[in-house]
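What the coordinates show
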Amino acid sequence: MRYSFLSLLANAVTGQKLWSAAWRDAKPKPAYDAVIVGGGGHGLATAYYLAKKHGVRNVAVVEKGWIGSGNAGRNTTIIRSNYGLPGNIPFYEWSMKLWEGLERELNYNAMVSQRGILNLYHSDPQRDAYARRGNAMRLHGVDAELLDREQVREMLPFLDFDNARFPIQGGLLHRRGGTARHDGVVWGYARAADRLGVDIVQNCEVTGFIRDGDRIAGVETTLGPIRAGKVGLAVAGNSSRLAAMAGLRLPIESHVLQAFVSEGIKPLIPGVITFGAGHFYVSQSDKGGLVFGGDIDGYNSYAQRGNLPVVEDVCEGGMALMPLIGRLRLLRGWGGIMDMSMDGSPIIDRSPLPGLYLNTGWCYGGFKATPASGWCFAHAIAKDEPHPAAAAYRLDRFATGHLINEKGVGAQPNLH
Amino acid sequence: MRIPCPYCGPRDAHEFTYLGDATVTRPDPAAPDAAAAFHAYAHLRDNPAGPHEELWYHGGGCRGWLRVTRDTLTHAITGARFAADSSVSAPSVAKDPS
Ligand SMILES: Cc1cc2nc3c(=O)[nH]c(=O)nc-3n(C[C@H](O)[C@H](O)[C@H](O)COP(=O)(O)OP(=O)(O)OC[C@H]3O[C@@H](n4cnc5c(N)ncnc54)[C@H](O)[C@@H]3O)c2cc1C
Ligand SMILES: [Zn+2]
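The present account deals with the structure reproduced in this document. (Residues numbered from 1 in each chain as written. Chains lettered and ligands numbered in written order. Predicted model: local features only at pLDDT ≥ 70, side-chain atom pairs only at ≥ 80, totals over all residues. Heavy atoms only, no water.)

1. Focus: the sheet that holds strand E13 (residues 272-275) of chain A
All names here are of chain A. Strand order in this open sheet of eight strands is E5-E6-E4-E13-E14-E15-E12-E16, and the pairing throughout is mixed. Lying at the two open borders of the sheet, with one neighbouring strand each, are strand E5 (145-148) and strand E16 (330-341). With direction set aside, neighbouring strand axes in the sheet form an average angle of 25°. Alignment of strand E4 (residues 117-121) against strand E6 (residues 170-174), held across five bridges, turns out to be antiparallel. Paired with Ile117 across the two strands is His174, which belongs to E6. (Pairing = 2+ DSSP bridges. Helix = DSSP H or I, 4+ residues; strand = E, 2+ residues; numbered from the N terminus. Axes fitted to C-alpha atoms, helices over the stretch in contact; angles between N-to-C directions.)

Next comes the structure, spelled out in structure tokens:
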């Protein structure tokens, strides 16, 4: 059923009984043209664009748990296009353009809310760095405004401007950034892909690969073997494990990132704010809770939970920025496992094994990438060549030296 | 998470800095396959889900480098010793001839 004013009305007068399931709970067929492993936002978007843009409709998405149970349902929902390097800017801007039309495209309310993201600066060098980044963005047609202290004070009077160590001097404002409802994105892509014939197979874990000589010809799963002309991996924090089953080593470490939600309060924070002197970012959900996070825990982890030092560190960052949250109670905290790549940037490419394709290395920032990642990965799978917007995200860049290191910290995943 | 430093005793992970996988060893720059070997050394990782050998620096304590065995699924630590005592080959130091 398409959602419309009429469908709402019809359900309103019939006690909400006419709704049908948003997608079929499919059982796997013995073979597909393409199998996408991982039912997060990236996997589902890939399947959707494969069907929609490339006419490849005999597709399955296999997910070991339920769709959205990974990082797609664990992130702090920030979407933005304020990157600074040439390989990144066109890709993230393409993603932002897709976000801007996503709800109409999917006929689904993903609660995309472009209420702005403000990166605060606290020193002259940091202002210069943000001015440079803002200029790079504007040269690529992305919006960016450098605000001074008084302009920030007008927007967010409750911040601690006179913090003794890190006084706020201004901020880089990216008005088109904001948040989207992460589950809504997953469900929207799942429903739209399902309508194009994609099978979404939940509770189906990939445990190995089927090979025809050198070629990857399908996957072994807990629901039996599934043959496939092409296999795409979009398994976020588990990429190394899946790659190891195929005999590949990746430039990836798995790290945990935590996120937190406070009790609900009245509207306080209009957009997304990031603290430039430490690592802290915060927005307010539509239910009123403050949603925030900071650094990763910093060591390899596959446990979807974090440790206390980072909880303390994140809360200190929050307190330094806005002391008024000091008496708020923390309702929940959780962790997600991300692929931290060796240069902090993603990989969307063919693998060295024919038939196997990689979508990995999203580090902190993969949620905002969801639409463009699906778009470009579908292109790579269907056409066997990189999409122009993702041409920099090649796997061999680590060997050739064409790294995309936004933070310039070297091959240290825990510093990205 | 507490790391049992062989010199200082069990200390909060806060006191340590993480370097990463302790099993990668710096290749010989004079070897014919040095470019490929350095790429693997700098970038490629096993990244196992389970026991992991890793290097931690005890900057908030004895300032020693430790080789720690930690389970990446549970965060449980089953061993910690000084990296210099480990089987990882340390760069050899030329002896003073005198
Ligand atoms: C706490 C936190 C906050 C974040 N905040 C932001 C943010 O504000 N903005 C932003 O842009 N990014 C953010 N990120 C990053 C972002 O969430 C991820 O980069 C992105 O969601 C990863 O892609 P995905 O959605 O497809 O991954 P996932 O949703 O993790 O999808 C991968 C799926 O693969 C499945 N899978 C794994 N192994 C197998 C197997 N063997 N067989 C079958 N299925 C398998 C998993 O169950 C999982 O559902 C955050 C991440 C975390 C953890
Ligand atoms: Zn010590």
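Structure shown, so let's carry the discussion forward.
2. Observations concerning the pairing of strand E14 (residues 280-284) of chain A
Residue and element names in this part refer to chain A. Burial of E14 is extensive: five of the five residues sit out of reach of the surface. Because side chains alternate across E14, one face comprises the buried residues Phe280, Val282 and Gln284, and the other comprises Tyr281 and Ser283, equally buried. Pairing geometry for E13 and E14, over three bridges, is antiparallel. By the bridge assignment for E14, Ile273 is matched with Val282. Linking E13 back to E14 in an antiparallel pair, the connection comprises four residues. Between E14 and the antiparallel strand that follows it, strand E15 (residues 289-300), lie four residues; Gly288 among them carries a positive phi value of about 110°. (Buried < 20%, exposed > 50% of the residue type's maximum accessible area, 1.4 Å probe, protein only.)

3. Section: the site of ligand 1
Residues and elements named next belong to chain A. Taken together, 37 residues form the shell around ligand 1, and within it Glu63, Asn71, Ala72, Thr76 and Lys368 come nearest. Contact distances for ligand 1 include 2.7 Å between an oxygen atom and a backbone N or O atom of Asn71. Separating a nitrogen atom of ligand 1 from a backbone N or O atom of Phe367 is a distance of 3.0 Å. Looking at the shell around ligand 1 residue by residue, the classes come out as 17 nonpolar, 15 polar and five charged. (Near = heavy atom within 4 Å. Polar contact = N/O pair within 3.5 Å; in protein donor to acceptor, adjacent residues only side chain to side chain. Nonpolar A, V, L, I, M, F, W, Y, C, P; charged D, E, K, R; others polar.)

4. With respect to the nonpolar core
Residues and elements named next belong to chain A. Counting 53 residues, the largest nonpolar core has Tyr49, Phe91, Trp99 and Tyr189 as its most contacted members. Every element with two or more residues in this core is listed here: strand E1 (31-37), helix H2 (41-54), strand E2 (59-62), helix H3 (89-106), helix H6 (182-195) and helix H9 (370-383). Non-local contacts of Trp99, meaning those with residues more than four positions away in its chain, are made with Ile79, Val112, Ala180, Val185, Phe367, Lys368, Thr370 and Pro371. In this structure, Ile226, Val235, Leu248 and Leu358 belong to the second largest nonpolar core, which totals 30 residues. (Core = buried A, V, L, I, M, F, W, Y, C linked by side-chain atoms within 4.5 Å. Contact = heavy atoms within 4.5 Å.)

5. Observations concerning the pattern of salt bridges
Where charged atoms of side chains with opposite charge meet at close range, the side chains can pair. All names here are of chain A. Under the criterion given, the structure shown has 24 salt bridges over all chains. Between Glu105 and Lys52 there is a salt bridge, with its nearest N and O atoms 3.3 Å apart. Taken together, the residues span a long stretch of sequence, with Glu105 in helix H3 and Lys52 in helix H2 at a distance of 53 residues. Overall, the relative accessible area of 42% leaves Lys52 in the partly exposed class. (Salt bridge = Lys/Arg side-chain N within 4 Å of Asp/Glu carboxyl O.)

6. Some details on the sheet that holds strand E3 (residues 17-21) of chain B
Residue and element names in this part refer to chain B. An order of E3-E4-E5-E6 is seen for the four strands of this open sheet, with the pairing classed as antiparallel. Whereas interior strands pair on both sides, the edge strands pair on one side only; in this sheet they are E3 and strand E6 (77-82). The sheet shows a mean angle of 25° between the axes of neighbouring strands, taken without regard to direction. Summarising the sheet, E3 and strand E4 (residues 51-57) pair through four bridges and their orientation is antiparallel. Paired with Tyr18 across the bridge in E4 is Trp56.

7. Some thoughts on the coordination of the zinc ion (ligand 2)
All names here are of chain B. The coordination sphere of the zinc ion (ligand 2) contains the protein donors Cys5 (SG), Cys8 (SG), His58 (ND1) and Cys62 (SG), at a distance range of 2.1 to 2.4 Å. Geometry at the zinc ion (ligand 2) is tetrahedral, judged from its four donor atoms and the angles of 105 to 122° they form at the metal. As a motif over one chain, the donors of the zinc ion (ligand 2) read C-x2-C-x49-H-x3-C. Separated by 57 residues along the polypeptide, Cys5 in strand E1 (residues 2-5) and Cys62 in the loop between E4 and strand E5 (65-71) bring together distant segments of the chain. Overall, the relative accessible area of 26% leaves Cys62 in the partly exposed class. (Donors = N, O, S within 2.8 Å, 3.2 Å for Na, K, Ca; no water. Tetrahedral: all angles 85-135°; square planar, octahedral: opposite > 155°, others 65-115°.)

8. Brief notes about a negative patch on the surface
Among the surface-exposed residues, Glu312, Asp313 and Glu316 of chain A together with Asp12 of chain B lie close enough to one another that they form a single negatively charged patch. Residue contributions to the negative patch peak at three residues, all from helix H8 (residues 308-321) of chain A. (Patch = residues over 30% accessible without salt bridge, like charges linked within 9 Å, V, L, I, M, F, W, Y side chains within 5 Å. Areas by Shrake-Rupley, 256 points an atom, 1.4 Å probe, with all protein chains shown as cover. Lys, Arg positive; Asp, Glu negative; His and termini not counted. Charge placed at Lys NZ, Arg CZ, Asp CG, Glu CD.)

9. A look at the side chain of Asp143 of chain A
Residue and element names in this part refer to chain A. Assignment of secondary structure puts Asp143 in the loop between helix H4 (124-139) and E5. Assessed through its relative accessible area of 18%, Asp143 is described here as buried. Only 3.2 Å separates the side chain of Asp143 from the side chain of Arg176, close enough to count as a polar contact.

10. Things to note about the interface of chain B and chain A
Interfaces are often sized by the accessible area lost when the parts come together. Facing 21 residues of chain B, the contacting portion of chain A comprises 26 residues. For the pair chain B and chain A, the two sides together bury roughly 2200 Å², of which 51% comes from carbon and sulfur. There are two salt bridges connecting chain B and chain A. Residues Glu253 of chain A and Arg45 of chain B are paired through a salt bridge, measuring 4.0 Å at the closest nitrogen-oxygen approach. Counting across the chain B and chain A interface gives 16 residue pairs in polar contact (both at pLDDT 80 or more). For the side of chain B that touches chain A, the secondary structure elements donating two or more residues are E3, helix H1 (34-43) and E4 of chain B. With three residues, H1 of chain B is the single largest residue contributor to the side of chain B that touches chain A. (Buried area = accessible area lost by both parts, 1.4 Å probe.)

11. Overview of the side chain of His182 of chain A
Residue and element names in this part refer to chain A. Tracing the backbone shows His182 in helix H6. With a relative accessible area of 12%, His182 lands in the buried category. For His182, the residues in contact, after removing those within four places along its chain, are Ala72, Gly73, Arg74, Asn75, Thr77 and Phe367.

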